[in-house]
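Coordinates in review
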Amino acid sequence: MKVSNFTHPELAALLRRGELLLPLGPFVARIKTNVPGLLENISLMYTDFEVVSSDSFADFHVEIKYENGFRRWVKPQVRFFFDERPSFTALPVEQAPAMLEWGLNWCIAAHSHQFLIIHAAVIEKGDRAVVLPAPPGSGKSTLCAGLVMRGWRLLSDELALYDMSSGKIYGMARPINLKNRSIDVIKKYAPDAVLTTSMSDTTKGTVALVRPPLDSVIRAAEAVIPSWIILPKYSEGANAELTSYSRAHTFMLIAEQSFNYDIQGQRGFKAIGDLVERSQCYQFTYSNLDDADRLFSDLLEK
């Protein structure tokens, strides 16, 4: 059964008992919460996800619950728990949906060392995959969301899970995290996109989540071999331009944007070298998503 097959009372009961298990690519997360607003957002963002049997193994046990004491009633706050241990500073209850996504990112990045975990978006079309590694503020998630709304399959907008043995990258097809101006950009560019209510005054500014397309969710377990590594950079007023980028600089950026490169040692060094060597490497500057869509379509045809 999918999340959409449950009524709100049924879904609320599963969440209260900690019996909602969601498949996230190669992982399963067990989610528990007593926050009604988070129920609404899970129902909205994960509506197409299959629900795993409650007695199945889960890689991550997470919970978001109200703080005790006066913070339960006065300017209510919530806290993220991993394996029943508090993991982050409490946040306003309105930010619970973002807290869930950030918390899951942390769980995966901090504990899944069977993968080299790269801070990158990954999209695929026609069996050709693009890795978009970049530091925050580069326009990576905006570009990812725009292309996904034009038919590219979403693997990830945040975490690329690189299997160092097979050379494949796994994704999770989770909601795309947009920040600040990019929220209105995507609303105008893709009016049919489903977004959460914007959450203001977070540590990242104003954020909103975009629901992943149905096809991306259905194919979330399908790994890809990357064809291109493209370093995106949003520059207001700039024409869309794709230029070759050296493999040496690409290697350095991938290493810098990997959460666990230092843990992987020599194996990680070789894995990044293999990834860069078999991919075409580019730098991409853009300001308009229509231009970006045309350029990526041309790249795909070539």
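Below is a short write-up of the structure. (Residues numbered from 1 in each chain as written. Predicted model: local features only at pLDDT ≥ 70, side-chain atom pairs only at ≥ 80, totals over all residues. Heavy atoms only, no water.)

**Details of the environment of K2**
Test applied: Think of it this way: any DSSP run of H or I at least four residues long counts as a helix, any run of E at least two long counts as a strand, and we number them from the N terminus. Categorising residues by exposure relies on relative accessible area from a 1.4 Å probe, with only protein chains included: less than 20% of the type maximum marks a residue as buried, more than 50% marks it as exposed, and the intermediate range marks it as partly exposed. Any two residues whose heavy atoms approach within 4.5 Å at even a single point are treated as in contact.
Note that K2 resides in the segment before α1 (8-17). A relative accessible area of 24% places K2 in the partly exposed class. Each C-alpha atom of the pair K2 and I169 lies 25 Å from the other, and the pair is 167 residues apart in sequence. Setting aside anything within four residues of it in sequence, one finds K2 in contact with T47, D48, F49, E50, V51 and L214.

**Re the packing of aromatic side chains**
Formally: In this analysis, rings of Phe, Tyr and Trp, with Trp reduced to its six-membered ring, are considered paired at centre separations within 6.5 Å, and the interplanar angle assigns stacked below 30 degrees, edge-to-face beyond 60, and tilted for intermediate values. A ring has a charge above it when a Lys NZ or an Arg CZ is no more than 6 Å from the ring centre and no more than 35 degrees off the ring normal.
Tallied over the entire structure, the rule returns 13 aromatic pairs. For the pair W152 and F296, a centre-to-centre distance of 6.1 Å together with 85° between the ring planes defines the contact as edge-to-face. A residue pair is termed long-range when its members are at least 10 positions apart, and W152 in the loop between α4 (140-148) and β9 (153-156) and F296 in helix α9 (residues 289-301) qualify at 144 residues. Residue W152 is classed as buried on the basis of its relative accessible area, which comes to 2%. When its relative accessible area of 0% is taken as the criterion, F296 is described as buried. For the ring pair Y234 and Y286, a centre distance of 5.6 Å and an interplane angle of 75° mean the geometry is edge-to-face. Residue Y234 is located in strand β15 (residues 226-234), and its partner Y286 is located in strand β17 (residues 280-286); the two are separated by 52 residues in the primary sequence. Aromatic ring contacts, followed pair by pair, group F27, F60, F80, F82, F88, W106, F115 and Y170 into a single cluster. The cationic tip of K65 hangs over the ring face of F81; the distance from NZ or CZ to the ring centre is 4.7 Å. The ring of Y189 has R150 sitting right over it, with the charged end atom 3.9 Å from the ring centre.

**Thoughts on the pattern of salt bridges**
How we decide: Here a salt bridge means any side-chain nitrogen of Lys or Arg lying within 4 Å of a carboxyl oxygen belonging to Asp or Glu.
Applying the stated rule across the entire model yields 11 salt bridges. Between R219 and E124 there is a salt bridge, and its shortest N-O distance comes to 3.6 Å. Of the two residues, R219 sits in the loop between α6 (214-218) and β15 while E124 sits in strand β7 (residues 116-125), which places them 95 residues apart along the sequence. Look at E124 and you get buried, because its relative accessible area is 4%.

**Quick look at empty space enclosed by the protein**
Using the following cut-off: Residues are called lining when one of their atoms sits within 4 Å of a cavity or pocket point, these points coming from a 1 Å grid over the protein atoms alone, where a cavity is a set in which a 1.4 Å probe fits but cannot get out and a pocket is an open set with protein on both sides within 12 Å along at least five of seven lines. Grid points are joined across faces, edges and corners, and a volume is the space filled by probe spheres set on the points. Residue polarity follows a fixed list, in which Ala, Val, Leu, Ile, Met, Phe, Trp, Tyr, Cys and Pro are nonpolar, Asp, Glu, Lys and Arg are charged, and the others, Gly among them, are polar.
Scanning the entire structure with this criterion turns up 1 cavity of 30 Å³ or more. Surrounding the largest cavity, L38, N41, I42, M45, Y46, P97, L100, E101 and L209 form its lining. Counting residues per element, the ones that place at least two in the lining of the largest cavity are α2 (36-45) and α3 (96-111). Its residues assigned to classes, the lining of the largest cavity comprises 7 nonpolar, 1 polar and 1 charged.

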